[in-house]
Amino acid sequence: MSGKSLEGRTALVTGGARGIGAAIAQALAKAGAAIMIADILEDAGSASAAAIAKEGVKTGFAKLDVTDDAQWERAVAQTVATLGGYDILINNAGIEITSLVSEVRAEDARRMCDVNIVGTVLGMKHAFRAMRPGGPAGKGGAVVNIASVAATIAFPSIAVYSGTKSAVDRMTRVAAMEAGKLGYGVRVNCIYPGLIPTDMGLQLANDIVKIGLAPDVNAAVGSVVEQTPLARLAEVSDIADAAVFLCSNEARFITGIGLPVDGGMGM
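Overview of the structure. (Residues numbered from 1 in each chain as written. Predicted model: local features only at pLDDT ≥ 70, side-chain atom pairs only at ≥ 80, totals over all residues. Heavy atoms only, no water.)

A look at the side chain of Thr-120
One can find Thr-120 in helix α4 (residues 106-131). Sequence-distant contacts of Thr-120, that is, excluding residues within four places in its chain, are made with Asn-91, Val-115, Asn-145, Val-168 and Met-171. (Helix = DSSP H or I, 4+ residues; strand = E, 2+ residues; numbered from the N terminus. Contact = heavy atoms within 4.5 Å.)

This is the structure in structure tokens:
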């Protein structure tokens, strides 16, 4: 792809304050897109946006709790007003609460479903309304939902999280079909990242030790690497590059897929 494959595009990235979201936002900006960082973390989110703006990229920050319909509506309106359009959504915001099935707390399960499932579908809802013909942006676009390798493997201690990410995969495919059949001009795909040593990934490793599934963090991480044919953990740049591709014109005939970026772990 060319260095500016997304020139003239405008993107909203949820969970863009740090980790995978921040890396994707930076990669989209490097490819030429204007960026709206959306997150519940105001200070970190504003800092993420400011770092991108220093590179001469048009950007902004919107406070967004992805479980709130009205906040989605405001964030999308802010994106269109600030960036002059809206044609890329990166549905990245998500949470993971580790637990053995025998110890799952109902409130934790509901919280993961609310953020990971409801948050994702609300993002697609408002992206479709803005991007489809007659919408405030109205030029079509691309949606990339961030699922997980957990949607494709049986990894102990993350049953509910795995279920929510499997739901992201299914919703992606139905949304892609609807968008195509209804002539929205919006492609919808998802990515299955492998384990990444972000705050969330490292917390999972520590949690696995605490519940007795590994003697220490090194062993927990090592077991993941052993299951990965490419013999390493994922890096945020691996996911970011895949997201840029799926948003680009090079992926113009790709919709409704789940793209594994997991080093082969989920094959």
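Still more to cover.
So, unusual backbone geometry
A positive phi angle, near 90 degrees, is found at Ser-157, a position not held by glycine. Position of Ser-157 among the secondary structure elements: in the loop between β5 (141-146) and α5 (159-181). Of the residues examined, Ser-157 reaches a relative accessible area of 7% and is grouped as buried. Of note, the phi angle at Ala-231 is positive, near 60 degrees, even though the residue is not glycine. Relative to the assigned elements, Ala-231 resides in the loop between α7 (217-226) and α8 (236-247). By relative accessible area, Ala-231 is classed as exposed at 52%. (Buried < 20%, exposed > 50% of the residue type's maximum accessible area, 1.4 Å probe, protein only.)

Things to note about the side chain of His-126
Locating His-126 in the fold gives a position in helix α4. Not counting chain neighbours up to four residues away, the residues in contact with His-126 comprise Asp-69, Trp-72, Glu-73 and Val-76.

Some words on the packing of helix α3 (residues 69-83) against α4
Where α3 meets α4, the closest approach of the two axes is 10 Å, and the angle between their N-to-C directions is 40 degrees. It follows that α3 is oblique to α4 by the angle criterion. The element α3 and its partner α4 pack so that their crossing is right-handed. Contact with α3, carried on its side by Asp-69, Trp-72, Glu-73 and Val-76, involves Gly-119, Leu-122, Gly-123, Lys-125, His-126 and Ala-130 of α4 and no other residues of that element. (Axes fitted to C-alpha atoms, helices over the stretch in contact; angles between N-to-C directions. Parallel < 35°, antiparallel > 145°, perpendicular 65-115°, else oblique. Left-handed = near helix turned anticlockwise from the far one by under 90°.)

Some thoughts on α7
In an α-helix, one full turn covers 3.6 residues, which means residues spaced three or four apart are oriented alike. Among the residues making up α7, those that are buried are Ala-220, Val-221 and Val-224. Angular distribution of buried residues about the axis of α7 spans 90 degrees; they occupy a single face of the element. Facing away from the buried side of α7 by more than 90 degrees, the exposed set consists of Asn-218 and Glu-226. Taking the backbone nitrogen of Asn-218 as reference, a side-chain oxygen 3.2 Å away marks Asp-216 as the first, capping residue of α7. (Arc of directions from axis to C-beta. Polar contact = N/O pair within 3.5 Å; in protein donor to acceptor, adjacent residues only side chain to side chain.)

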